[in-house]
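Listed below are the residues making up each chain.
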Amino acid sequence: MEKIRLVLVTKEEAYGQALGMALGEGYPRFSIGVFPGFAEASMDSADLLVTDLLPELPEDFPGKIVYLSDDPIGPSSGSDPGEGPCVLYKYMGVHRLGAELEFLCRDHGVGLPPGLDLAKAAAAGFLGGRGKTSAAIAVANELAFYYGRKVLYLSLEEWPLTELFFLRDPEVRPFGDYLYYLFSDNRREWAASLEPFLLRNVFGVETFAFGSGPNALRSLAFEDLTVLLGDIWGRSRYDWVLLDFGESVTGNFPVLADLCRSLFCLTDGTLPDRVRTDRIRNFLLQSGGEPLADKLVPVRNFWTPEQLLEPDEIPIENDPDSFFIQDGYWCIDPSRGFGMGVRTIAEILEGVGENPGKEVDPVRPVGHQFAGNRGLR
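A. Up close: the overall build of the chain. Looking only at helices and strands, the chain features 8 helices and 17 strands. When the 377 residues of the chain are sorted by exposure, 51% land in the buried category. Sequence separation of 24 or more characterises 69% of the internal contacts of the chain that already satisfy a separation of 6 or more. About 17,900 Å² of surface is accessible on the chain, with carbon and sulfur atoms providing 52% of the total.

B. Structural detail: the environment of Ser45. Mapped onto the elements of the fold, Ser45 is located in the loop between strand 2 (30–35) and strand 3 (48–51). Using a relative accessible area of 46% as the deciding quantity, one classes Ser45 as partly exposed. For the pair formed by Ser45 and Val7, sequence separation is 38 residues and the distance between their alpha carbons is 9.6 Å.

C. Examining the pairing of strand 12 (residues 296–303) more closely. Taken across its 8 residues, strand 12 has 6 buried, putting it largely inside the fold. Alignment of strand 11 (residues 262–267) against strand 12, held across 5 bridges, turns out to be parallel. Paired with Cys265 across the two strands is Pro298, which belongs to strand 12. On the question of chirality, the crossover connecting strand 11 to the parallel strand 12 by way of helix 7 (residues 271–293) is right-handed. Across 3 bridges, the pairing between strand 12 and strand 13 (residues 314–317) is parallel. Counted as the bridge partner of Val299 is Ile314 from strand 13.

D. Local environment of the sheet that holds strand 2. Here we have 5 strands laid out as an open sheet, ordered 2-1-3-4-5, and parallel in their pairing. This sheet does not close on itself; its edge strands, each paired only once, are strand 2 and strand 5 (86–89). Neighbour-to-neighbour, the strand axes of the sheet open up by a mean angle of 25°, direction not taken into account. Of the pairings in the sheet, the one linking strand 3 to strand 4 (residues 64–69) comprises 4 bridges and is parallel in character. By the bridge assignment for strand 4, Thr51 is matched with Tyr67.

E. Spotlight on the pattern of salt bridges. Under the defined criterion, the tally for this structure stands at 18 salt bridges. Between Glu195 and Arg237 there is a salt bridge, and its shortest N-O distance comes to 2.6 Å. In this pair, Glu195 sits in the loop between helix 4 (175–182) and strand 8 (198–200) while Arg237 sits in the loop between helix 5 (222–234) and strand 10 (240–244), placing the two residues 42 residues apart along the sequence. In this structure Arg237 comes out as partly exposed when scored by relative accessible area, which is 25%. When the shortest N-O distance is used, the salt bridge between Arg281 and Asp294 registers 3.5 Å. Here the residue Arg281 occupies a position in helix 7, and Asp294 occupies one in the loop between helix 7 and strand 12, the gap between them amounting to 13 residues. For Asp294, a relative accessible area of 51% gives the class exposed. Ionic contacts of the salt-bridge type, sharing partners, join the residues Lys150, Glu195, Arg200, Glu206 and Arg237 into one network.

F. Inspection of the nonpolar core at higher detail. Core analysis: the largest hydrophobic core is formed by 42 residues, its most contacted members being Tyr178, Phe208, Leu228, Ile232, Phe245 and Leu284. At the level of elements, strand 6 (122–128), strand 7 (151–155), helix 4, helix 5, strand 10, helix 6 (253–259), strand 11 and helix 7 are the ones that each hand at least two residues to this core. By residue number, the principal contributor to this core is helix 5, which donates 6 residues. The residues contacting Leu284, other than those within four sequence positions of it, are Phe253, Ala257, Leu263, Gly289, Leu292, Ala293 and Leu296. Judged by nonpolar contacts, the second largest core, of 38 residues, contains Leu143, Phe165, Ala209 and Val297.

Procedures and definitions
- Residues numbered from 1 in each chain as written.
- Predicted model: local features only at pLDDT ≥ 70, side-chain atom pairs only at ≥ 80, totals over all residues.
- Heavy atoms only, no water.
- Helix = DSSP H or I, 4+ residues; strand = E, 2+ residues; numbered from the N terminus.
- Buried < 20%, exposed > 50% of the residue type's maximum accessible area, 1.4 Å probe, protein only.
- Contact = heavy atoms within 4.5 Å.
- Areas by Shrake-Rupley, 256 points an atom, 1.4 Å probe, with all protein chains shown as cover.
- Pairing = 2+ DSSP bridges.
- Right-handed = clockwise from strand over helix to strand, strands pointing away.
- Axes fitted to C-alpha atoms, helices over the stretch in contact; angles between N-to-C directions.
- Salt bridge = Lys/Arg side-chain N within 4 Å of Asp/Glu carboxyl O.
- Core = buried A, V, L, I, M, F, W, Y, C linked by side-chain atoms within 4.5 Å.

The structure is reproduced here in C-alpha cells:
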C-alpha cells in the first residue's frame, strides 16, 4: 500500500502528538510527522500538509493543504484543494477527520505491496451480507473444477468456517504456526513449504488450517501482511486467490481490496444490506477513488424469480437443495440453482462474462465427483 506522507504542523504540542498517534493507529496509509512550526518541518516529499497556523501557510508547498479551524463552521473537504487550503473543524472526531483526509488523497491511489506480481496469480474478494463463505467457496470450486485453476481460499473472518467445507486432517499444522515460522529469523525455513499448513476439498481448492482461536490474519500489521502476500505470490503456486472478507473489514482492507480484480458484494435485497453496500462503496471511494470503488460487483443472494433485480446485479438463486451434507461436510451441488449463479461469477473472473462474443461450450462437463445432482462418490 502506497503511503500518504502527512506533515502535521500545530501550535499545540499535546494536540499534535495525540492526533498524530490516533491517525497513525487508525489509518495505516498515513506516514505522519508532527512539528511545532514550518521551520522545523520537512515538507519536501510530503503529500499532505495539515496545520492550524493559517497566517504562516507556505506558498510553494507542492502538495495539498488542510487548515484546521477552531470554528466548526467552514468549508467541507469537498472544496477543491487546488483552489486553496481546505478547511476542516479541528476538534471533529478523529475517525471522521481521518476519513476526510483520506478522501482528499483519493487520487493518491492505494497501491499494491511491492514485489507482488499479479500476472502470477489473480485475486477476487467476497464481502457484504449473508452467504459470503458459501459463495466464495463455490466460486473456488467452479474455477478449480470447470476451468482447471489452482485456487487458494483465504478467510479474513473473525472465526473462519473452513472446517465445514474442507477435509479435516489432524496432521496439518495451524495457520498461526505458518505465520510464526514465516516471521521468525531462525525458523523461517520451516515455512519453506506450504504443504504442512494446507487443507483441501474434493475439487482441489486449498486453504490454510485455522486454529481454534480468532483469525490471526485479521490483525496483521501492514508490513507483515506484505511479507505474507509476497510469500504466497512468490511461490507461483496459484492461479486464483479468493479472499473472504467477512462481515467487517480490517485496517488492511484497502490494500487487499486493491489487490482484487473484482469485489463481489452480497446482499439479500433488504434495506440493511443495501445500506451496508452503499457504505462499503463509499469507503472504497474514500480509500482509493473510483478505480477501487468500481471493482464492486453487486450480487443478490437468496434470489427468487419473482423478485426484481437492480441494474448489474448478479442473482444467486435461493435453492436449499443445492446444499447437502456428506461425511460431515457441507457440499454444494454446482448443477443446481445456487451453482448457476456462482457460474456467472466465475465467468466474469475468467473473462467470459465480460466478453459476450467469446464462444463458450454450453454443455457443462460432469466430473467423476458427482453422481447425478446429489451426491459425491
